[in-house]
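As a plain string of letters, each chain reads:
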Amino acid sequence: MTHTAAHIAASLNGERKSPSVVPLALRDVTVVYQRKPVLWDIDYETPPDALVGIVGPNGAGKSTLIKAALGLVPLASGHVEIFGRPTREQRRRIGYVPQRESVDWEFPASALDVVVMGRYGRIGWFRRISRAHRDAAMACLDQVGMAEFANRQIGQLSGGQQQRVFLARALAQEADLYLMDEPFAGVDAATERTIIEILRRLRDSGRTCLVVHHDLNTVRDYFDSLLLLNMRVVASGPTAHVLTDENLRRTYGGRLTLLEKATTAMAAGGVPRE
Amino acid sequence: MTALLSDVWHLVTLDAPYNTRLVLRSVGVLGAACGAVGVFLLLRRRSLVADALAHAALPGVCVGFLLAVVLGLDARSLAILLPAAAIAGALSIASIHALTRLPRVREDAAIGIVLSVFFAVGVVLLSAIQALPVSQKAGLNHFIFGHAATMSASDGRAILIASSIAIIVLVACFKELRLLCFDSSFAGGMGFSRIALDGILMSLVTLLTVVGLHAVGALLIVALLIIPAAAARFWTDHLGVMAVIAMFIGGIGAYVGAASSAAEANVPTGPAIVLCCGALFFISMAIAPKRGLLAEHVRRIMTNGRIGRQHLLRAMYERGEIVGNALAPVLVDDLQERRSWPANRVRRLLARAARQGDVEQVGSGYVLTAHGREAAAKLVRAHRLLEYYLATRADVAPHELDRAADDIEHALGPQLIEDLERSLQSQQAIRTGAMPDSPHELSQREGGT
C-alpha cells in the first residue's frame, strides 16, 4: 500500500487533528431559486469535530444549504466560510456526498472509476491518474467494504452499494469537513451500519460531518449536534437540547407561506395597494 | 444499381482522383472525431443543445461570409467563418438559457424555438447571398444538407486539423470531462469550473460543426455526433472503450456515406452519412454482445428455462408429498393439472430435465433422480420459507401465498435464503435444514404458468 493509502487508513483509525476554527460558518445566507427564496437569512456555525445532522421537511432547503456551502449555487446575500476562509480557497478540505439520485448510474464507469474521481482535486487539470491515486481509491473502497466490487459497472450495484461507493469517493478526498446529502436514504441495514461507523470514525479523528438526514428515529442516536431547518434555522445545537417536540413541531408544522408569498410578490414587482 | 455500387466500391477502396480521396478521408476523420466528442455530449445530455448550436452555425457562417465580402477579405477563410459561427453558436446557447429563465418556457421548448429561428435566419441569409454578384459564394448552398463532392482540398485539410485538435483536447481533458458528465455538482465542489468544462465541450462541437458544414450540412451534423456514441454504448461499459468504438462507427459511417454521395451526385452527403451511421446503430443495437437486443433475448430465454426447471422440480416434489411416496412415477397429466401447463410444455421441460439428469423415465411416468430430488428439496424449502415470510411479514392471504412466492422465488440466492431463515427462526415450523410443511393446503392445482 502506498503512502496515501496508508495515510487514509491511519487517519480513519483515530489520528486526531486539532480543531481551531469553525469548520463551516454560514453568515446571513439567503438563496433564491426562480424568484422564490429557498434559504432565508441563515446564520449557522458547525461545532468542530462533531457529527451534525441537518433535519427538516421536504423543500426545507437542506440540499441547497449544502450546495451553498460548496459554492454550487449563487447566494442572493451573505457569505460562507470554511475553516475561516472562503470556500474557493478551501476546496481540498471539503468532501462531498451528493444525493444518490442526482447522477445517472447507467454511466459507463466502474466503482473504482467513481472513487478515483475523489482524487481529481489533488491530481489537478490535465494530469494522468497515477498508480498512487488509484491505490488510495482502492483503500477507500476497502474501507466501505466494497473492494471486491471495484471493477463492477456501477449500474449493477445495489442502492446501498452505490451509496457506499459515493462515501468511498468522499473518503478519497481526504477532507476535514464532509458534507453529505442523505447518505442513508434507501440503503439496507448493513450499509447503514457501515456508514454510521465510518462517520463516527471520521468524527473521532477530528473531522466534521454535516449530514442531511430523514429518519427521525435514528437522529438522537446518530448525531451530536443538530440543525433544524425549514427555509430558516429553526433551532441548532447539541442534539439533546434541540430535539424537542416543540422544535420539531416548529420545523415540520407548516411552511412559512407568508414569507414566501411576500417575497414572490416583491420579486414580481407588485406591491399591493392599501 | 450495380453501377452505383461499383462506383461506391471504387471510392471506398480509394480508387479515385487525389482530391476526392483526400476529401473522403477527411470526412472519415471528421466522423471519428465527432464520434468521440459525441460520447461526452451524449453522456452530458446535451444532444439537443448541440443540435441548436449546429443549426446556429449556418447564420453565423453567412454573416461571416458577408462581413468578409464587405471588408474585401477571403470570404471562404476559416479564420473568419469559424469565429462567426462560434459567436452565433454561443448566442444560441445564451438564448436558450435566457428563454429557460422565463417562467413559462421549458428547456425543450426553448431549444426548439432557438434552433428553428436561428436556422430560418441562416436560410434567409443564404438566399440573399445567392443573389449577390460575388464569385466565392459557390457551395454555400450546400451548407444545409452537405455536399462532400464539391469540397476543395483545403476544406479537407481544415477538417483534418480541426479533428486532430478535437482528439487532442479530448485526450488531455478525458478525466475532467468524465467527471463533468457523470457528476457535475461533485466536479464543481472540487473546484473544477463547470462553465469552463462545458465550454470546452461545446467549443469542440462548434469547431467540428463549422468545418463539417460543407461536408455534412447544418441540418444533420448532430447525427454524426450522437448516433455513433449511442451505438457505442451497446458494446461496452467502459468510457474510454466507448469513445474508441464511437470513433470507429463514426469514421466508417462518415466515410462510406460520403463515398456513396460522391458516387451518386444527386444524393446530398449529410443524409447518406446519417443513413450509414443509422445502419451501424441498428446493427449495434441488435447484435452487441453485452447490451444488445439479441443478447438480452438469449438471456431471457435462459432465464425462462431456469424458471421452468425450478417449477417442474417443485411440482414433482410436491406431487410426491401429496401421494405420500416420493418415488412414485409422476405422469404428464398430473403435472399438467398441477400447474395448468400445456402438455407439450410439460413434455419439453421433462425431456430437458431428463437430459440434465434431474429426472428419469420410469414406465409411462417420471421420477426425480437423487440429484434432482436434492435440487427440488432446496427449491421447495426456499419457496416455503418465502411463503412463511410473506404470510407473517407482508400479510399475504393464504390462498395467494403460492403465487406471490412464485413471482419472486427465482431471484433468491443463498445469501437471501440464509437471511430468510434467520428472520423466521422464532417460528415453530422452521428448523434449520429441515423441510417445513407448506403453510397452505397442497391442492391439485395451483400456481401460474
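All of these numbers come straight from a predicted model, not from anything done at the bench. (Residues numbered from 1 in each chain as written. Chains lettered and ligands numbered in written order. Predicted model: local features only at pLDDT ≥ 70, side-chain atom pairs only at ≥ 80, totals over all residues.)

Caption draft 1: The overall build of chain A, seen in detail. Counting its regular elements, chain A contains 11 helices and 10 strands. Among the 274 residues that make up chain A, the fraction classed as buried is 43%. If you take every contact in chain A between residues at least 6 apart in sequence, the share linking residues at least 24 apart comes to 72%. (Helix = DSSP H or I, 4+ residues; strand = E, 2+ residues; numbered from the N terminus. Buried ≥ 20, exposed ≤ 12 C-beta atoms within 10 Å, placed from the backbone. Contact = placed C-beta atoms within 7 Å.)

Caption draft 2: Broad picture of the overall build of chain B. When its secondary structure is counted, chain B shows 18 helices and 2 strands. In terms of C-alpha radius of gyration, chain B reaches 32 Å, well past the compact-globule figure of 22 Å for 449 residues. The principal-axis extent of the C-alpha atoms belonging to chain B is close to 100 × 55 × 35 Å. Across chain B, every contact between residues at least 6 apart in sequence was considered, and the portion connecting residues at least 24 apart equals 71%. (Rg over C-alpha atoms; globule rule 2.2 N^0.38 Å.)

Caption draft 3: Molecular detail of the pairing of strand E9 (residues 225–230) of chain A. All names here are of chain A. Of all 6 residues that make up E9, 5 are buried, and the element is covered over most of its length. Both strand E3 (residues 51–55) and E9 contribute to a ladder of 4 bridges, which runs parallel. Residue pairing for E9: Ile54 is matched across the bridge by Leu227. Sheet analysis places E9 next to strand E10 (residues 232–238), joined by 6 bridges and oriented antiparallel. Looking at the pairing, Leu229 lines up with Val233 of E10. If you look at the hairpin formed by E9 and E10, you'll find 1 residue sitting between the two strands, and Met231 has a positive phi there, around 70°. (Pairing = 2+ DSSP bridges.)

Caption draft 4: Main features of the interface of chain B and chain A. Across the boundary between the two partners, chain B contributes 19 residues, which contact 19 residues of chain A. Listing elements by their share of the side of chain B that touches chain A, those giving two or more residues are helix H7 (174–182), helix H8 (184–189) and helix H11 (239–263) of chain B. A breakdown of the residues in the side of chain B that touches chain A according to their chemical character gives 9 nonpolar, 6 polar and 4 charged. (Nonpolar A, V, L, I, M, F, W, Y, C, P; charged D, E, K, R; others polar.)

Caption draft 5: Spatial organisation of the environment of B:Val267. Residues and elements named next belong to chain B. Structurally, Val267 is set in the loop between H11 and helix H12 (269–287). In this structure the C-alpha to C-alpha distance between Val267 and Ala57, which are 210 residues apart in sequence, comes to 22 Å. With sequence-adjacent residues up to four places away left out, Val267 is seen in contact with Ser260, Ser261 and Ala272.

Caption draft 6: Region of the structure containing the sheet that holds strand E2 (residues 36–45) of chain A. Judged by pairing direction, the sheet is antiparallel, and its 4 strands sit side by side in the order E2-E1-E4-E5 (chain A) without closing on themselves. Taken across any chain shown, the strands that pair with only one partner, and hence form the sheet edges, are E2 and strand E5 (85–86) of chain A.

Caption draft 7: Structural view of the sheet that holds strand E6 (residues 94–97) of chain A. Residue and element names in this part refer to chain A. Ordered in space as E6-E7-E8-E3-E9-E10, the 6 strands form an open sheet in which the pairing is mixed. Here the strands that pair on one side only, and so sit at the sheet edges, are E6 and E10. Averaged over all adjacent pairs, the angle separating strand axes in this sheet is 15°, with direction ignored. Sheet topology places E3 next to strand E8 (residues 208–212); 4 bridges connect them, and they run parallel. Residue pairing for E8: Val52 is matched across the bridge by Leu210. Set on the sheet, helix H6 (residues 159–172) makes contact with E6 and strand E7 (177–181); between it and E6 the angle comes to about 170°. Along the sheet, helix H10 (residues 245–252) contacts E3, E9 and E10; its crossing angle with E10, the most-contacted strand, is approximately 150°. (Axes fitted to C-alpha atoms, helices over the stretch in contact; angles between N-to-C directions.)

Caption draft 8: Structural view of unusual backbone geometry. All names here are of chain A. One non-glycine residue with positive phi stands out, namely Phe126, at about 65°. Tracing the backbone shows Phe126 in the loop between helix H4 (120–123) and helix H5 (131–143). Its identity as a non-glycine residue notwithstanding, Glu182 has a phi of 50°, on the positive side.

Caption draft 9: Quick look at the packing of H6(A) against helix H7 (residues 189–204) of chain A. All names here are of chain A. The N-to-C vectors of H6 and H7 enclose an angle of 15°; their axes lie 10 Å apart at closest approach. As summarised for this structure, H6 and H7 are arranged roughly parallel, according to the angle between their axes. Classified by chirality, the crossing of H7 by H6 is left-handed. Residues Gly160, Gln163, Arg164 and Leu167 of H6 pack against Thr191, Thr194, Ile195 and Ile198 of H7. Of the residues in the contact of H6 with H7, the class split is 3 nonpolar, 4 polar and 1 charged. (Parallel < 35°, antiparallel > 145°, perpendicular 65-115°, else oblique. Left-handed = near helix turned anticlockwise from the far one by under 90°.)

Caption draft 10: Here's a closer look at the nonpolar core. Ranked by size, the top nonpolar core spans 186 residues in total, and within it A:Val115, B:Val37, B:Ala57, B:Val61 and B:Leu208 carry the most contacts. The greatest single-element share of this core, amounting to 16 residues, is contributed by helix H2 (residues 18–43) of chain B. Non-local contacts of B:Leu208, meaning those with residues more than four positions away in its chain, are made with B:Leu30, B:Ala33, B:Cys34, B:Val37, B:Ala162 and B:Ala166. B:Met316, B:Leu386, B:Tyr388 and B:Leu401 belong to the second largest nonpolar core, which has 26 residues in total. (Core = buried A, V, L, I, M, F, W, Y, C linked by C-beta atoms within 7 Å.)

Caption draft 11: Quick look at H11(B). With 25 residues, H11(B) extends 36 Å from end C-alpha to end C-alpha; this agrees with the ideal 36 Å at 1.5 Å per step. With 20 of 25 residues buried, H11(B) lies mostly within the body of the structure. (Expected span 1.5 Å × (residues − 1).)

Caption draft 12: Structural view of the confidence of the model for chain B. Taken as a whole, chain B shows an average pLDDT of 87; of its residues, 95% reach a score of 70 or greater. Note on the complex model: pTM 0.85, ipTM 0.89. (pLDDT = per-residue confidence, 0-100.)

Caption draft 13: Highlighting the environment of B:His55. All names here are of chain B. By the element assignment, His55 lies in helix H3 (residues 47–71). When the C-alpha positions of His55 and Gly122 are compared, they lie 8.2 Å apart, and in sequence the two are 67 residues distant. In this view, His55 contacts Leu115, Phe118, Phe119 and Ala218; residues no more than four positions away in its chain are not counted.

Caption draft 14: Spotlight on the environment of B:Ser152. Position of B:Ser152 among the secondary structure elements: in the loop between helix H5 (107–130) and helix H6 (153–172). Between the C-alpha atoms of B:Ser152 and B:Thr20, which are 132 residues apart in sequence, the distance is 8.7 Å.

Caption draft 15: Expanded view of the packing of H11(B) against H12(B). All names here are of chain B. With their axes 7 Å apart at the nearest point, H11 and H12 run at an angle of 135° to one another. Viewed along their axes, H11 and H12 adopt a mutual orientation that is oblique. For H11 against H12, the interelement crossing comes out right-handed. Where H11 abuts H12, its residues Ile249, Gly250, Ile252, Gly253, Ala254, Val256, Gly257, Ala258, Ser260 and Ser261 lie against Thr269, Ala272, Ile273, Leu275, Cys276, Cys277 and Leu280. Its residues placed into classes, the contact of H11 with H12 shows 11 nonpolar, 6 polar and no charged.

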